[in-house]
Amino acid sequence: MVVGEFTEQADLVVIGGGPGGYSAAIRASQLGRSVTLVERGDIGGVCLNVGCIPSKALIELSNRFHELDGLAKRGVVTEDAHIDPIALSQTVTGSVERLTSGVRQLLKAADVEIVEGEASFVGPNEVRIRAAHETSRIKFKDCILATGSSPRELDGFAVDHQRVLDSTDLLFSPVVRRDLIVIGGGYIGIELGSAHARLGTRVTILEMAPEILMGVEPEIQRTLRGVLKQMGVEVHTGIAVKGFKIAGDAVVVEIQNGSDSKEIRAGSVAVMVGRVPNLGPDLGLGEAGVTIGADQRVIVDEQMRTANPHVFAIGDIVPGPMLAHKAYYEAKVAAEVAAGHAAGNDATVIPAVIFTEPEVASAGLGEQEARTRHGDDVVVARFPYRANGRAIVLGAAVGEVKLIALKDSKRLLGVHIVGVDASNLISEAALAIELGATIDDLALTIHPHPTLSEMYPEAAEVAQGLPTHIIMQRG
Ligand SMILES: Cc1cc2nc3c(=O)[nH]c(=O)nc-3n(C[C@H](O)[C@H](O)[C@H](O)COP(=O)(O)OP(=O)(O)OC[C@H]3O[C@@H](n4cnc5c(N)ncnc54)[C@H](O)[C@@H]3O)c2cc1C
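This is a predicted model, so every value here is computed, not measured.

1. A short note on the site of the ligand
In the neighbourhood of the ligand, 39 residues make up the surrounding shell, with Gly20, Glu39, Lys56, Asp316 and Ala324 lying closest. Between the ligand and the protein, one listed contact pairs an oxygen atom with a side-chain N or O atom of Glu39 at 2.6 Å. Within the side chain of Lys56, an N or O atom sits 2.6 Å from an oxygen atom of the ligand. Within the complex, the protein chains bury 95% of what would otherwise be the 1,000 Å² of accessible surface of the ligand. Among the secondary structure elements, those contributing two or more residues to the shell around the ligand are helix H1 (19-30), strand E2 (35-39), helix H2 (45-50), helix H3 (52-73), strand E4 (118-123), helix H6 (187-199) and helix H9 (324-338).

2. Section: helix H12 (residues 422-434)
Its 13 residues place the ends of H12 18 Å apart at the C-alpha level, agreeing with the 18 Å of an ideal helix rising 1.5 Å per residue. Of the residues making up H12, those classed as buried are Ala422, Ser423, Leu425, Ile426, Ala429, Ala430, Ala432 and Ile433. Looking down the long axis of H12, one finds its buried residues gathered within 165° of arc, a one-sided arrangement. Of the residues in H12, the exposed ones pointing more than 90 degrees away from the buried face are Asn424 and Leu431. Contact partners of the buried residues in H12: strand E18 (352-354), strand E19 (359-364), strand E22 (412-419), helix H13 (439-444) and helix H14 (455-464).

3. Some thoughts on the sheet that holds strand E21 (residues 399-406)
One open sheet accounts for 5 strands, arranged E18-E19-E22-E21-E20; its pairing is antiparallel. Either end of the sheet is taken by a strand with one partner, and the two such strands are E18 and strand E20 (378-384). Direction aside, the axes of adjacent strands within the sheet are offset by 10° on average. Sheet topology places E21 next to E22; 7 bridges connect them, and they run antiparallel. Of the residues in E22, the one forming a bridge with Glu400 is Val418. Together, E19, E20, E21 and E22 form the strand contacts of helix H7 (residues 218-230), whose direction differs from that of E22 by roughly 5°. On the sheet, helix H10 (residues 367-374) packs against E20, E21 and E22 and is oriented at approximately 160° with respect to E20.

4. Quick word on the sheet that holds strand E15 (residues 268-271)
In spatial order, the strands read E8-E15-E9-E10-E11; together these 5 strands make up an open sheet with parallel pairing. Bordering the open sheet on either side are strand E8 (164-165) and strand E11 (234-236), each of which pairs with just one other strand. Of the strand pairs in this sheet, strand E9 (residues 179-183) and E15 are connected by 4 bridges, and their pairing is parallel. By the bridge assignment, Val182 is partnered in E15 with Ala270. Strand contacts of H6: E9 and strand E10 (202-206), with the helix running at about 165° to E10, the strand carrying the most contacts.

The rules behind these values
Residues numbered from 1 in each chain as written. Predicted model: local features only at pLDDT ≥ 70, side-chain atom pairs only at ≥ 80, totals over all residues. Heavy atoms only, no water. Near = heavy atom within 4 Å. Polar contact = N/O pair within 3.5 Å; in protein donor to acceptor, adjacent residues only side chain to side chain. Areas by Shrake-Rupley, 256 points an atom, 1.4 Å probe, with all protein chains shown as cover. Helix = DSSP H or I, 4+ residues; strand = E, 2+ residues; numbered from the N terminus. Expected span 1.5 Å × (residues − 1). Buried < 20%, exposed > 50% of the residue type's maximum accessible area, 1.4 Å probe, protein only. Arc of directions from axis to C-beta. Contact = heavy atoms within 4.5 Å. Pairing = 2+ DSSP bridges. Axes fitted to C-alpha atoms, helices over the stretch in contact; angles between N-to-C directions.

The structure is reproduced here in structure tokens:
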């Protein structure tokens, strides 16, 4: 034992204060557990500090700026619109500060004790906490592990935060760059790349896979590529990046496309090639008897319990998409189980949103997967934004709502949307799928007019072959 190290007893220890950890702590406390939350960095985790919140603040501002062009064409002329990078950066930081201090207050109100430091397991029911000036130990009855994820590194592109950047650099640096190369065409690269393009940066996106946003419906990928092209964003797919050199004030990236290799240059390059769970050897998972699967995530059952029945795991470190709302959901399951309630992870769908302009959102099965599982018993129906009154009023005629359902029972299997406000529209789809709704349920539910949500009953009517606002070929 380290000299001066002391051991405390705790009822429930939560490791990690991101959306998973802090919401698990609050729920467990509400249900009567006495909770200690250990965080090595900032409360709020990736989502509040360097992820969802600041990125959406930046995206929102870049959208508003970009919209000014369109507004001028529609009769609202705003002279001399320009970006003040410092004020813009302060707005992004302000949104983070507001939310993180709010979460601290919630934790305080819930009587959650916050311990600053890095936790590692030293046994099946004990952690060691290393803080700046001391080391301590906590023996726990139960533990919820929510250590989240970090950016995946790319060989040959060590992030120096000057020329080679990560997503955090793109969120907080108070400059509008002249040009930028983004390595990675996943949702973070596309969201942040296109936000910077809307602020005036010339952006080139390099993706290794044959298409950007892998997993998204192919026609939605195409729509988005069209939008990016219109915005002046260059997208190169099937590209291997080989390395880079600095030439004067430029970064020169060597790329290979099949047998062709060439160089492209820009003032900086941002690496956004995915994220890896924070489950390194320092965490001491072996000491706790917590096991990891082939996908490098913690193995859990439907109650979020690991191989150690007193240790639960949630969020980015367990299988499934790395999304904050998934972490929130799993947090509540784990906290409730830890408090002795009969909870379980039985979600049918985890909706996903890509905050591009227009937005992309999905819930449930894709068309290909639906056909693989259900063969001919599948019906697909689409309704375009351009046939919706509200979309016209908003000047947002690009996009569509795509429904996928079973042909015989008409049960809804999946919904995919590209278009303005898809992020809000998708919740209705998630609820409908969770409740086992059918195409007829959607068609017969009265939706307010004029709203974008009317595209649900309209698309359902297309599936029934009886659309009101679009012309369908007969026969
Ligand atoms: C740029 C960007 C944009 C994103 N946008 C979205 C979005 O729009 N919507 C969405 O749903 N998701 C988004 N995400 C993903 C989202 O941020 C994550 O899915 C979410 O934060 C995961 O929550 P978590 O609680 O599992 O982990 P995290 O938020 O990663 O939190 C884990 C916490 O644990 C702490 N920790 C780690 N190890 C230890 C240890 N040993 N001891 C003590 N503390 C430790 C870390 O410091 C961290 O604070 C985005 C991510 C990024 C990077």
